[in-house]
Structure formats: structure tokens, C-alpha cells
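This is what each chain is made of:
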Amino acid sequence: MFYIDTNIHRKQRDFMLIHIVPTIIVFLAFSGITLWSWHAARVAIARERTQILDQKLSSTVSAIDTRLNTYQDILRAGAGLFGASDTVTRAEWKQFVNVFDLDNRYPGIHGVGFVEVIQPDKLETHTAAIRSEGYPGYSVHPAGSRDIYTSIIYIEPFSGNNLKAFGYDMYSEPSRKAAMDRARDSGQPAVTSKVVLVQEDRNNAQPGFLMYVPVYKRDSNPQTIPERQSNLVGYVYAPFRTHDLLDEVLRENDANYVVRIYDHTFGKDTLIYQSDDYKTVSRNTAMHTAAISFSRDSSNWTIESGIRPEAISAQLRSRPATIVWGGLLLSTCIAGFVYLLLLNRTGRLARREAKALQKAKDELLALASHQLRTPATGVKQYIGMLREGYAGKLSKEQNKLLDKANQSNERQLGTINDILVIARADAGNLELYFARTDIRKMLEDILDEQEEVIRTHKQTLVRSLPKRPVYVVGDAQYLRMAIENIVSNATKYTHGKGILRATLTKAGPQVYIVVKDTGVGVAKQDFTLLFRKFSRIPNDLTSKVNGSGIGLYLAKKIIDAHGGTIDFVSTLGQGSTVTIGLPAGKQPTHTEHIV
């Protein structure tokens, strides 16, 4: 029944090309700028973190280097003390060390001591000499035969856990021996790899290391390794607790900065220090790491550091998210503006073209209808003259043929009249004469006129009309045309033995005409096609029913012009219900135009 626009797919394609595609392109372009800005902000954060980390790392290396250089100077001073005298007494050593106030000024250092190198053949003499100083329990330990012995004979402060180191043979442990040999052969300070100090409690030991400065025979100036080996007297050394030392060095760093230090002296990574919360920070926050090789004489340390994101200012950290959300919002707003602008301009062009096209169509339709009406009216006159006997008496068969011709001509005139009304209405030239009209009488007359058609279709008509007149104010001619179309459609699209119900009621200021049928009905998907000009919805009765597809369109146009409403409710295969609402009451008679 209803005509479906074959250009719908083309219109959808044009809509996509003209509106959607440019909008998407604009959105993607600004989103691309947003993405680039977001990336640039993240790069800026990474650069800032790198700069902060480099500064922190450089500061850490400098602080460690400064502190170890200070310790080297202390040990060199101790070596110089032995170089200035043939003998350095225990009291002199104590006085020398006390000057530095190690406990208060140099946290992490256990003390400063002197290690004497002892040939095996002089071990007993050495032991006896130390015992004679008032240390009867002194002995070089651990016990065992070795090519050479090194014993700690001075260690200050000489108290507490340092007493455990008294008499300890450094050569008995590989890491210490290796560092001492490097110091002896180079004449320069040397640092051990990670060790456990003999002063430590073995069950709760802290990592440590030792620093050695060689002491040669007085007035000797050894230049070669053999000369240094033959002139070696001993070592001034210092034991360090790594955590105590480095915690003190790094105490000025903020909580967002953590470090790990590895020792590579023997070619393998040995962790010698780690900030207390390093694991927590690395596990729970985004870390940025960097490493620098820190050479301490012949030792090799690697410092690995990291910072929390909180080390960056909150404003800089929030910039990527701000750019993303702001950029997406801006992109959406600009794309939306472009879409609305295109929609507005194309809409105006479309409306202008549609208006011009509609005007041309209406003019053409009105002209064509007028030209068609003239010959159709002439045919009607000639048929009437034949039936009146102007051309002689007609046979029964001739009269029957004239009746059919007259019926066809009447249908043609009805269609032409409807088209002329629509053309005038669409052009705004349809004049309505409003007058007080008995709508009950009008509906009853229409139903009476349809009785013959209803009987022919073997349908049942059920009326429910009030006994008294019901008045509305409107144009009786056009109201009749609208109601006739609705009743006619109900009879046309209802199968034989179907039921038609016509009801008229008044509710307050409104009058309602309800026409209900048990016909073929309309599917949900076809509702949007209702009340469209020249359209018919296909069903099993469409091919059997003559129609132009303008009845519902014309009815709605007329009802709307009267300030009324027309509602359509239908279920496919179960029938339809059309409800016309018109304002009731008495109003002055006047003339209006449909706009």
C-alpha cells in the first residue's frame, strides 16, 4: 500500500558523505593533536624525572666519593705517622685516632687500626712482644700455617666489638687478602668487596667493607712491585658498616629517592646496600632507574637509583590526563559544531530545494488535475445525455455499459478533485469556511452511504451514535471528505464477514470519532509510512482495491487545519483503529487558509 522511496539508500550515503565523514575527520584530526600533546606531556614528565634522577644520582656519587676520600685522607695520615717514626706506641695511636672523633663525625666507620705484616719465623717473637704489653691472651687468629701473617695490633676505639678484631689475621680471608695485595702492589688505597666484619654479631650481621693504605719501611721509596713487597711493614685500615655509612651519606635525599649499590670487584654483582623501602617503592610505584659505574680505587661499584612519580610536581604529573580529557572534550565540541553547521547549511539548502520542487510539483499537479477535470466533466455530461435518450432509446445492455462508464468516470473525477484539494492545501490556497456543524448527522449520512458497499462485502457495521446532535465548528464539506476517507479505508481493507464499528463521543471540549475494523492491519515497521502522499502499504487486499494513496494524507491535512488530531493504532492481521479528535463548542463563523 504505501510507496517506499527508492532513493533512501542514496540519501543515507549522501548523509554519510556530507555530514558524518567530515565530522569524523575533524574529530580524528583534533584527537590526533590531543594524542600528540599527550605524548609530548609524557615525554616532558620522563625528561623531568630523568633530570631529577641524574641530579640525585650525581649528588649521591659525589657524596660517597667525598666521604671515602675523607677516609682515605685519615688512613694516609695514619700511614704518615708510621713513616715519621720507627715506633708508634699504642698510646700515640689512640691519641691520633681520637683527634678525628669518629663516633660523632664519621658514622659507619668502626674504627681506625694498624695491621702488622709478620713473617712465619717471627710469629712467636711477635706474639711474645704483644703479650708483654699487658695482653697475655693475645694470639694471631685464626690459627694455622700460612706463608705470611697479618695481625691487627692497633684498633681504636679499643673497646666493645672492636676487641674481637685484636689479633685477627686479615690474610686468612680471600677478599681482605686481595684488597691488601692490591694496596701493597699499587701503593694506593684499596677497598674490599662485601664482607662481614669480625666485629659483627654473626646472627644479625650488616654488610661491610674495609679500606687499606699500605705502610712501607721508613725512608724507603719503593717504585716497583717487588720493592713494595719487600719493604711492606703493614697497613693502616678502617672497617665500615655499609648501611650506617651510606644511610648517613644519603640522609639528605627525600623519601621519593631510593638506591641500590652493587659491588663488581670479583666480576659478579654483589648487593652491598639497599634503601630500606627500595622493594616497596619498586613494587608499588612506577620506577625510573639509572645506573652509574663508581670506581673506588680498584673496586667497582654500580649505583642503581629510582624515584617515585611523586618526585615530579603534581601539576606536571596531571598534565597528560588534563590534555586527554580537555582534548577529547574540545575535539567533540568542534566536531559537533562542524556537524551542526553542515546539518544546518545542508538542511537550509535541502528545504529551499524541496520547497521549490514542491511548488513546481503542486503547480504541475494543479494544472494537470484541472486539465484532466475538464474532459472528465465533459464525459459525464455526454453519458448523461445518452442516458436521457438524446441519441435514441438504449438497450438494456447499452445502459449497463453506460453505468460502468459512469462509475469509472465518477472515480476519476473523485481522484481529480482530491488531487486538486491537496494541491491547493499544499500551496496554502485552500479556504475553509468554519460554521457550526452537526457532526453526528454528518457521520450518520456517511455511514448510510457506505451501507451498500458494506453489504456487498458481506461486512457488519456496528454504530454507536448519540441520539442528540453533536456540534463542532468547521468546514462541513472538507470534514465530510476526511471522514469519508477514513470510513472508506475501513471497508476497503477488511475481508468479507469482517466487522466495522463507528463510534461518536463527546468528552469535555473534544469530540471523538472512532472507526474500528477487523481488517488486514498495518505492521509496526510501516507506521512511519502512514499519512504520506501517494503512498500505499502493500497487503493482500492492495491489488484488489483501487486507490490513489492520498486519502489518509488528505484526511490528516484537513483535520490538522481544524485544530484536531488523528491517531492510528493497528496490529498486523487484527485490524486498525482510527480516532479523530475535533474541538467542540460554538465559535464565530469565519474563513481561514490552510498554511
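Because the structure is predicted, anything quoted here is derived from the model rather than measured.

Thresholds applied
Residues numbered from 1 in each chain as written. Predicted model: local features only at pLDDT ≥ 70, side-chain atom pairs only at ≥ 80, totals over all residues. Heavy atoms only, no water. 1 Å grid on protein atoms, 1.4 Å probe; cavity = no way out; pocket = protein on both sides within 12 Å on 5 of 7 lines; lining within 4 Å. Points joined across faces, edges and corners; volume = space filled by probe spheres on them. Nonpolar A, V, L, I, M, F, W, Y, C, P; charged D, E, K, R; others polar. Core = buried A, V, L, I, M, F, W, Y, C linked by side-chain atoms within 4.5 Å. Buried < 20%, exposed > 50% of the residue type's maximum accessible area, 1.4 Å probe, protein only. Helix = DSSP H or I, 4+ residues; strand = E, 2+ residues; numbered from the N terminus. Contact = heavy atoms within 4.5 Å. Pairing = 2+ DSSP bridges. Axes fitted to C-alpha atoms, helices over the stretch in contact; angles between N-to-C directions. Patch = residues over 30% accessible without salt bridge, like charges linked within 9 Å, V, L, I, M, F, W, Y side chains within 5 Å. Areas by Shrake-Rupley, 256 points an atom, 1.4 Å probe, with all protein chains shown as cover. Salt bridge = Lys/Arg side-chain N within 4 Å of Asp/Glu carboxyl O. Lys, Arg positive; Asp, Glu negative; His and termini not counted. Charge placed at Lys NZ, Arg CZ, Asp CG, Glu CD. Expected span 1.5 Å × (residues − 1). Bend = angle between axes of the 7 residues up to and from the residue. Polar contact = N/O pair within 3.5 Å; in protein donor to acceptor, adjacent residues only side chain to side chain. pLDDT = per-residue confidence, 0-100. Arc of directions from axis to C-beta.

Undergrad: Mind showing me how you'd approach empty space enclosed by the protein here?
TA: Unfilled space is identified by rolling a water-sized probe across the atoms. Going through the model one piece at a time under the given rule, you end up with 2 cavities of 30 Å³ or more. If you add up the space inside the second largest cavity, you get close to 40 Å³. Along its surface, the second largest cavity is lined by Ile152, Tyr168, Met170, Arg176, Leu197, Val198, Gln199, Leu210, Tyr237 and Pro239. Taken together, the residues that form the lining of the second largest cavity break down as 8 nonpolar, 1 polar and 1 charged.

Undergrad: Just to check I follow, could you spell out the nonpolar core for this structure?
TA: A general trend in soluble globular proteins is that nonpolar side chains are found buried together. Membership of the largest hydrophobic core comes to 52 residues, with the highest contact counts inside it found for Tyr71, Trp93, Val112 and Val236. Ranked by residue count, the leading element in this core is helix α1 (residues 8-83), at 12 residues. Sequence-distant contacts of Val236, defined by excluding residues within four places in its chain, comprise Leu75, Gly78, Ala79, Phe82, Trp93, Val112, Gly113, Phe114, Met211, Tyr212, Val213 and Val215. In terms of nonpolar packing, the next biggest core, distinct from the first, is built from 42 residues, Phe434, Ile513, Phe531 and Ala584 among them.

Undergrad: Just checking my understanding: could you explain the sheet that holds strand β15 (residues 565-571) for this structure?
TA: Where strands meet in a sheet, backbone hydrogen bonds hold them as pairs that are either parallel or antiparallel. Within the open sheet, the 5 strands sit side by side as β11-β13-β14-β16-β15. Their pairing is mixed. Each end of this open sheet is capped by a strand with a single partner; those strands are β11 (460-464) and β15. The mean angle between the axes of side-by-side strands here comes to 10°, regardless of whether they run parallel or antiparallel. Here strand β14 (residues 510-517) pairs with strand β16 (residues 575-583) via 7 bridges, running antiparallel. Pairing of Gln510 across the sheet is with Pro583, part of β16. Sheet strands touched by helix α11 (residues 439-456): β11, β13 (499-507), β14 and β16. Its angle to β11, the strand with the most contacts, is close to 170°. In this fold helix α12 (residues 476-492) packs onto β13, β14, β15 and β16, with an angle of close to 25° to the strand it touches most, β14.

Undergrad: Honestly, a positive patch on the surface in this entry has me stumped. Any pointers?
TA: A grouping of Arg345, Arg348, Arg351 and Arg352 is seen on the molecular surface, where their side chains present a positively charged patch. Mapping Arg352 onto the fold places it in helix α9 (residues 314-388). Judged by relative accessible area, which is 56%, Arg352 ranks as exposed.

Undergrad: Help me understand unusual backbone geometry, please; the structure alone is not making it clear to me.
TA: For the peptide bond that leads from His141 to Pro142, omega is 5°, which places it in the cis range. Geometrically, the link from Glu156 to Pro157 is a cis peptide bond, its omega value of 0° lying close to zero. The topology assignment puts Pro157 in the loop between β2 (149-156) and α5 (174-186). The backbone of Asp219 sits at a positive phi, close to 70°, despite the residue not being glycine. By secondary structure assignment, the location of Asp219 is in the loop between β4 (208-216) and α6 (225-231). We note that Lys497 has phi near 70°; this positive angle belongs to a residue other than glycine.

Undergrad: Could you clarify how one ought to interpret α11 in this entry?
TA: Along an α-helix, residues three or four positions apart point the same way, because every turn accommodates 3.6 residues. If you check α11, its first and last C-alpha atoms are 26 Å apart, about what 18 residues at 1.5 Å a residue would give, namely 26 Å. Gln450 marks the point of greatest bend in α11, at about 40°. Measuring from the side-chain oxygen of the N-cap residue of α11 to the backbone nitrogen of Arg440 gives 3.1 Å; that N-cap residue is Asp438. Following α11 by one or two positions, Lys458 adopts a phi angle in the positive range, close to 55°.

Undergrad: Teacher, can you tell me more about the pattern of salt bridges here?
TA: Once their charged atoms are close, side chains differing in charge can pair, the charge on each being opposite to the other. With the rule as written, the count across this model stands at 17 salt bridges. Two residues, Asp445 and Arg480, come together in a salt bridge whose shortest N-O distance is 3.8 Å. One end of the pair, Asp445, is in helix α11; the other, Arg480, is in helix α12, and 35 residues separate them in sequence. Look at Arg480 and you get partly exposed, because its relative accessible area is 22%.

Undergrad: Help me out: how do you make sense of the confidence of the model for the protein chain in this one?
TA: Close reading of the predicted structure is inappropriate where its pLDDT is low. Summary statistics for the protein chain give a mean pLDDT of 82 and a share of 83% for residues scoring 70 or more. Residue range residues 1-6 is modelled with pLDDT below 50. Its contacts to residues more than four positions away, or to other chains, number 23 contacts.

Undergrad: What exactly am I supposed to notice about helix α7 (residues 242-249) here?
TA: The complete set of buried residues in α7 reads Thr242, Leu245, Leu246 and Val249. With its buried residues spanning 85° around the axis, α7 presents them on a single face.

Undergrad: What is the right way to look at the sheet that holds strand β5 (residues 232-241) in this model?
TA: Spatially, β2-β1-β5-β4-β3 is the arrangement adopted by the 5 strands of the open sheet, whose pairing is antiparallel. With one partner strand each, in any of the chains shown, β2 and β3 (190-191) form the two edges of the open sheet. With 9 bridges joining them, β4 and β5 adopt antiparallel strand pairing. If you follow Phe209 over to β5, its bridge partner there is Phe240. Relative to β4, α5 is tilted by about 35°, and along the sheet it contacts β1 (112-118), β2, β3, β4 and β5. Packed on one face of the sheet, α7 meets β4 and β5 and runs near 65° to β5.

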